[in-house]
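Here are the chains, one letter per residue:
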Amino acid sequence: AGRRPVHIFEVGAGFGSLPRLVASSRQRLLALLPPTDVQTYVVLDVPSVIDLQSWYLQRTSNNTVQVRNWPPSDLTSWASMSRCVEERCPPLWPP
């Protein structure tokens, strides 16, 4: 039984505490049987709340969360976005 990859998509994440908790619990999740490997955690929210989430996560996550806007500035079209998905964009979690 290998790792179970998990991709989380949350709509309306409040101030961002759950992504912080998931990031800080990664090693414990990997120790489960079967290991749970949270590979991505995506939040869809309104711009003003995303600003709050970014502020909160940058101050509380001890560099365990990478905050990025979607779409990334280097993606200029829907075609390049789908290529990013197919070719696997850089992971959200630091190695």
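1. Remarks on the pattern of salt bridges
Taken as a whole, this structure holds 2 salt bridges when the rule is applied. The closest approach of N and O atoms between Arg3 and Asp37, which form a salt bridge, is 3.6 Å. Highlighted residues: Arg3 in the segment before β1 (4-11) and Asp37 in strand β2 (residues 36-44), separated in sequence by 34 residues. The exposure class of Arg3 is exposed, given its relative accessible area of 53%. Salt-bridge contacts for Asp37 lead to Arg26; the nearest nitrogen and oxygen are separated by 2.7 Å. Here the residue Asp37 occupies a position in strand β2, and Arg26 occupies one in helix α2 (residues 26-30), the gap between them amounting to 11 residues. Classification of Asp37 as buried rests on a relative accessible area of 9%. Connected through shared salt-bridge partners, Arg3, Arg26 and Asp37 make up one network.

2. Quick notes on the confidence of the model for the protein
Averaged over all residues, the pLDDT of the protein equals 78, while 71% of them reach at least 70. Per-element averaging of pLDDT across the protein places helix α4 (residues 78-87) at the bottom with 56 and α2 at the top with 92.

3. Points about the packing of aromatic side chains
Throughout the structure, instances matching the rule amount to 1 aromatic pair. Measuring from ring centre to ring centre gives 4.9 Å for Phe15 and Tyr56, while their planes differ by 85°; the resulting arrangement is edge-to-face. Remark: Tyr56 occurs in helix α3 (residues 47-60) and Phe15 occurs in the loop between β1 and α1 (17-24); sequence separation between them is 41 residues.

Rules of the game
- Residues numbered from 1 in each chain as written.
- Predicted model: local features only at pLDDT ≥ 70, side-chain atom pairs only at ≥ 80, totals over all residues.
- Heavy atoms only, no water.
- Salt bridge = Lys/Arg side-chain N within 4 Å of Asp/Glu carboxyl O.
- Helix = DSSP H or I, 4+ residues; strand = E, 2+ residues; numbered from the N terminus.
- Buried < 20%, exposed > 50% of the residue type's maximum accessible area, 1.4 Å probe, protein only.
- pLDDT = per-residue confidence, 0-100.
- Phe/Tyr/Trp six-rings, centres within 6.5 Å; stacked < 30°, edge-to-face > 60°.

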